[in-house]
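# Summary of the model geometry
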Amino acid sequence: MLDERDRIIIEMLTKDARTPFTEIAKVLGISETAVRKRVKALEEAGVIRQYTVVVDPSKLGYNLVSLTGVDTLPERIFDVASKLKEFEFVRSVYLTSGDHMIMTEVWAKDGEDLSDIISNKIGKIDGVTKVCPAIILEKLK
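Please read all numbers here as calculations on a predicted model, not as lab measurements.

Let us now look at the nonpolar core. Core analysis: the largest hydrophobic core is formed by 18 residues, its most contacted members being Val 70, Val 80, Leu 84, Ile 102, Val 106 and Ile 122. The set of elements that each furnish at least two residues to this core consists of strand E1 (64-72), helix H4 (77-86), strand E3 (102-108), helix H5 (111-121) and strand E4 (128-135). For this core, the element with the most residues is H4, which contributes 4 residues. Not counting the four nearest positions on each side in its chain, Val 80 is found in contact with Val 70, Thr 72, Ile 102, Ile 125, Asp 126, Gly 127 and Val 128.

Shown next, in the form of structure tokens:
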């Protein structure tokens, strides 16, 4: 069961995974060792699954980011999702219950690159019936 201190630790590490334990300890009014033990317990319980880096795609030459819905033949959904995970330009893959069976985050260099990805890569996966890209204009949060 998480308490308020655990929630604050999670919030601080979510904002910046490199926050020093000494800084967290000062905010909580506990020792660095206590913070370290709590973080270890959160990791072991699977609450904290990993630490990651957030990258600006445009700094790597990817000027278009698209949230792309992919519909499949029902019996092919897991095969298609597995194939999508193999593409470097597909940054995330989700099975959903919304408008599309699979949602992906696709990074493309430009419109031509995105068209190629949709038509010649995602669209050619066996079992794909529809590909619906939505280009992100601005990330607000």
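So much for the structure itself; the text now carries on.
Turning to its location among the elements, Lys 109 is positioned in the loop between E3 and H5. As a C-alpha pair, Lys 109 and Thr 129 span 20 residues in sequence and 25 Å in three-dimensional space. Setting aside residues up to four positions removed in sequence, Lys 109 forms contacts with Gly 61, Tyr 62, Asn 63 and Leu 64.

Attention shifts here to helix H3 (residues 32-44). Taking 1.5 Å of rise per residue, the 13 residues of H3 would be expected to cover 18 Å, and the 18 Å separating its terminal C-alpha atoms lies within 8% of that figure. Among the residues of H3, those classed as buried are Val 35, Val 39 and Leu 42. End-on view of H3: buried residues confined to an arc of 60°, all on one side of the axis. Turned more than 90 degrees away from the buried face of H3 sit Lys 37 and Glu 44, all of them exposed. Of the residues trailing H3, Gly 46 is marked for its positive phi of about 80°.

Here is what the cut-offs are and how they apply
- Residues numbered from 1 in each chain as written.
- Predicted model: local features only at pLDDT ≥ 70, side-chain atom pairs only at ≥ 80, totals over all residues.
- Heavy atoms only, no water.
- Core = buried A, V, L, I, M, F, W, Y, C linked by side-chain atoms within 4.5 Å.
- Buried < 20%, exposed > 50% of the residue type's maximum accessible area, 1.4 Å probe, protein only.
- Helix = DSSP H or I, 4+ residues; strand = E, 2+ residues; numbered from the N terminus.
- Contact = heavy atoms within 4.5 Å.
- Expected span 1.5 Å × (residues − 1).
- Arc of directions from axis to C-beta.

Read these as geometric descriptors, not functional statements.
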